[in-house]
Amino acid sequence: MAVKTIANAQVQVTDDGYLEDMNQWNEDIAKEIAKELGIELTDKHFEVINYLREKTKAGEGLTIRKVGKSGVVDIKELYKLFPKGPLKFSSKIAGIPKPTSCI
Amino acid sequence: MKNLLILGAGTAGTMMLNKLYKELDKEEWKVTIVDQYKTHYYQPGFLFIPFGVYKKEDVTKPKYDFFPAGAEVIFSPIDKIVGEENKVYLEGGKVLNYDFLIIATGTQTRPSETTGLKDKLWYKDIFDFYTIDGALALHKRFKDFKGGNLVMCIAELPYKCPVAPIEFVCLAEAYFTKRGIRDKVNITYVTLMSGAFTKPVASKMLGELLEEKNIKVVPDFYLEHVDNENKKIVSYDEREIPFDILTIVPVNMGSDMIERSGLGDDMNYVKTNKYTLQSDQFENIFVIGDAANLPTSKAGSVAHFAGEILMENILAAMEGRELPAKFDGHANCYIETGYGKGALIDFNYITEPLPGTFPLPGIGPFGLLKNTKMNHYGKILFRWIYWHILVKGKELPIEADMTMAGKQRV
Ligand SMILES: Cc1cc2nc3c(=O)[nH]c(=O)nc-3n(C[C@H](O)[C@H](O)[C@H](O)COP(=O)(O)OP(=O)(O)OC[C@H]3O[C@@H](n4cnc5c(N)ncnc54)[C@H](O)[C@@H]3O)c2cc1C
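Reading the values: the criteria
Residues numbered from 1 in each chain as written. Chains lettered and ligands numbered in written order. Predicted model: local features only at pLDDT ≥ 70, side-chain atom pairs only at ≥ 80, totals over all residues. Heavy atoms only, no water. Helix = DSSP H or I, 4+ residues; strand = E, 2+ residues; numbered from the N terminus. Rg over C-alpha atoms; globule rule 2.2 N^0.38 Å. Buried < 20%, exposed > 50% of the residue type's maximum accessible area, 1.4 Å probe, protein only. Contact = heavy atoms within 4.5 Å. Areas by Shrake-Rupley, 256 points an atom, 1.4 Å probe, with all protein chains shown as cover. Pairing = 2+ DSSP bridges. Salt bridge = Lys/Arg side-chain N within 4 Å of Asp/Glu carboxyl O. Expected span 1.5 Å × (residues − 1). Axes fitted to C-alpha atoms, helices over the stretch in contact; angles between N-to-C directions. Domains from an automatic or database assignment. Buried area = accessible area lost by both parts, 1.4 Å probe. Polar contact = N/O pair within 3.5 Å; in protein donor to acceptor, adjacent residues only side chain to side chain. Nonpolar A, V, L, I, M, F, W, Y, C, P; charged D, E, K, R; others polar.

### Considerations on the overall build of chain A
(1) Moving on: Counting secondary structure elements, chain A contains 5 helices and 2 strands.
(2) Moving on: When the helices and strands of chain A are read in sequence order from the N terminus, they spell out β-β-α-α-α-α-α.
(3) Moving on: For 103 residues, the compact-globule estimate of 2.2 N^0.38 gives 13 Å, and the C-alpha radius of gyration of chain A, at 13 Å, lies within 12% of that figure.
(4) Moving on: If you line up chain A on its principal axes, its C-alpha atoms span 35 × 30 × 20 Å.
(5) Moving on: Expressed as a percentage of its 103 residues, the buried residues of chain A come to 44%.
(6) Moving on: Counting only contacts in chain A whose residues sit at least 6 apart along the sequence, the fraction spanning at least 24 positions is 48%.
(7) Moving on: Entry remark: accessible area of chain A is about 5500 Å², with carbon and sulfur atoms responsible for 47%.

### Some remarks on the pairing of strand β1 (residues 2–6) of chain A
(1) Moving on: As paired strands, β1 of chain A and strand β2 (residues 9–13) of chain A are joined by 5 bridges and run antiparallel to one another. Looking at the pairing, I6 of chain A lines up with A9 of chain A of β2 of chain A.

### Re the pattern of salt bridges
Residue and element names in this part refer to chain B.
(1) Moving on: Overall, the coordinates contain 22 salt bridges over all chains when judged by the stated rule.
(2) Moving on: Among the ionic pairs, E28 bridges to K2, the shortest N-O distance being 3.3 Å. In this pair, E28 sits in the loop between α1 (11–23) and β2 (29–35) while K2 sits in strand β1 (residues 2–7), placing the two residues 26 residues apart along the sequence.
(3) Moving on: Judged by its relative accessible area of 34%, E28 falls in the partly exposed class.
(4) Moving on: Two residues, D144 and R141, come together in a salt bridge whose shortest N-O distance is 3.6 Å.

### Points about α1 of chain B
All names here are of chain B.
(1) Moving on: Here α1 is 13 residues long and its end C-alpha atoms lie 19 Å apart, about the 18 Å a rise of 1.5 Å per residue gives.
(2) Moving on: Of all 13 residues making up α1, 11 are buried, and the element is well covered by its neighbours.
(3) Moving on: The set of residues buried in α1 consists of T11, A12, G13, T14, M15, M16, L17, N18, K19, L20 and Y21.

### Brief notes about the sheet that holds β2 of chain B
Residue and element names in this part refer to chain B.
(1) Moving on: If you trace the 5 strands from one edge of the open sheet to the other, you get β5-β2-β1-β9-β20, paired in parallel fashion. Each edge of the open sheet carries a strand with a single partner, namely β5 (72–75) and β20 (285–287). Between one strand axis and the next, the sheet turns by 20 degrees as a mean value, whatever way the strands run.
(2) Moving on: Packed on one face of the sheet, helix α6 (residues 300–318) meets β1, β2, β9 (100–103) and β20 and runs near 160 degrees to β9.

### What to know about unusual backbone geometry
(1) Moving on: Between L157 of chain B and the following residue, P158 of chain B, the backbone shows a cis peptide bond with an omega angle of -10 degrees.
(2) Moving on: In this structure, P158 of chain B sits in the loop between β12 (148–154) and α3 (164–178).

### Thoughts on the pairing of β9 of chain B
Residue and element names in this part refer to chain B.
(1) Moving on: With burial as the criterion, each face of β9 is covered, one bearing F100 and I102 and the other bearing L101 and I103.
(2) Moving on: Judged from the 4 bridges that link them, β1 and β9 form a sheet pairing that is parallel. Counted as the bridge partner of L5 is L101 from β9.
(3) Moving on: Note: β9 against β20, 3 bridges, orientation parallel. In the sheet register, L101 faces β20, and the bridge partner there is I285.

### Considerations on the domain arrangement of chain B
All names here are of chain B.
(1) Moving on: Taken as a whole, chain B is organised into domain 1 (2–108 + 253–318), domain 2 (111–252) and domain 3 (331–390).
(2) Moving on: Taken together, the two surfaces of domain 2 and domain 3 that pack against each other cover about 1400 Å², and 72% of this comes from carbon and sulfur.
(3) Moving on: Linking domain 2 with domain 3 are 0 salt bridges.
(4) Moving on: Our count for the domain 2 to domain 3 interface comes out at 4 residue pairs in polar contact (both at pLDDT 80 or more).
(5) Moving on: Elements supplying a minimum of two residues to the side of domain 2 that touches domain 3: α3 and α4 (200–212).
(6) Moving on: Here the residues of the side of domain 2 that touches domain 3 are counted per class, giving 11 nonpolar, 1 polar and 4 charged.

### A short note on the sheet that holds strand β8 (residues 95–97) of chain B
Residues and elements named next belong to chain B.
(1) Moving on: Taking strand neighbours across the sheet as the criterion, the 3 strands line up as β6-β7-β8 in an open arrangement whose pairing is antiparallel. Pairing within the sheet leaves two strands with one partner each, and these edge strands are β6 (78–82) and β8. On average, each strand axis in the sheet is inclined to that of its neighbour by 20 degrees, with strand direction left out of account.
(2) Moving on: Looking at chain direction, β6 and strand β7 (residues 87–90) are connected through 4 bridges and run antiparallel.

### Observations regarding the side chain of E173 of chain B
All names here are of chain B.
(1) Moving on: With respect to the secondary-structure elements, E173 resides in helix α3.
(2) Moving on: You can call E173 buried: its relative accessible area is 8%.
(3) Moving on: Reaching out from E173, the side chain makes a polar contact with the side chain of R182 at a distance of 3.2 Å.
(4) Moving on: In this structure, E173 is in contact with R182, I187, K213, I215 and Y339, ignoring residues within four places of it in sequence.

Listed below in structure tokens is the structure:
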């Protein structure tokens, strides 16, 4: 665990850069993390991010398949919005924990 | 008389039937089990069929062989569970009442969930080895395979026996070497995970093992469709991999019956308390085996360890006591790596697979995350243990809770 300054805010992050506490998140933090990943956030990105945060708050696990069935985006779009990391990058930007695949 | 009803007579359901039948007072309890099929398959054996190591008869027995005399057995598809009424409806309308219910309906492959998978090339050049038919068809196809691209692809998470596809490519490597055509076969392991396996330490070890065997790993590949015309698999981010033979782990899902009963998540796995194995929705419903949405492997070994916990808890619930036992997610998998060798991984909800040795009293130790002959014998021995001990609900010399003895922290 480390403290990092993102968009002028002091936040706690994990070794691979995910926020420790999703309540420390705000839109400016999202934009700056996205920039580091080479992504410019649009309204569509924020729709996905808000969906991810809602589900996480409700204690639900997330998979690419589930996001694809959410009605917010389909899987192809999700890949276009967050190239190379449809769930990992979107989760990082949304300030929620790194997705785990349980097997 | 009170009714204990078990749904599904596969590995977990049959095991629980045997365990509980011994324990319960027959004057007080009637025990019933329901399944749609009469044949019990030793599913871990499917892996060896394509290579001619096992034949159909090595992995097949009548389910009747494993039921205790006196238990009521019904062969019928199950339509749905109505938890509020403590009733199970069978297809055709028959209704069963229960006081306690155990769901053990497992998980099934769903090739139709992926566009182009169950199409022209299905069982011609595209095979799953997760079903008896797929494994037998692949055995035939391998016999006259002269070389080309063999692609192993995992379509979705979670799937049962997470190490099976790794074992499959290792066995294929050894098989084609033995046939003298290894230099003509390119083997590619395609996964939607970020490495050969999920958990970091095991992923690194298994990744290195595959590299050593000249098996190419393509990570982060999420299958969108199969192009039958051009014999390619295509991912959502539009990457393409050509194949001559495609072996696939199709999307795995729980029974539609679970969905109709309103008890499942979006993959039809029953929402289950990961410690007590009780349904999140009904206190008199318990869940075991692949059917549960537990965050651990879907494997026979997990069902075995969970069985001891379930037994303690359901007996307590029947007597109105608090549930005493907590499952830790213990999984223990042999990984067949070819040339008569194998590796072993042992882990739970919290501890990822670590290197070291696994202390099996009287037989072990087995090397954890190491490639040894002893581990291979463990796998071969497992078939005997499966038919004679595991499914019959007898005790094995392994503790339900994972032990840190012998493991090296890294
Ligand atoms: C290729 C392969 C290799 C494997 N290797 C290993 C290994 O090395 N080690 C290991 O531990 N595990 C291994 N496994 C996994 C292991 O076989 C399963 O985890 C185990 O069988 C799960 O038991 P279960 O009782 O939950 O499900 P199953 O044994 O699949 O039983 C479910 C039963 O429910 C019945 N059913 C489902 N729906 C209905 C319905 N609606 N109506 C009526 N009946 C229904 C089915 O007919 C079936 O009999 C392997 C699996 C495969 C496919």
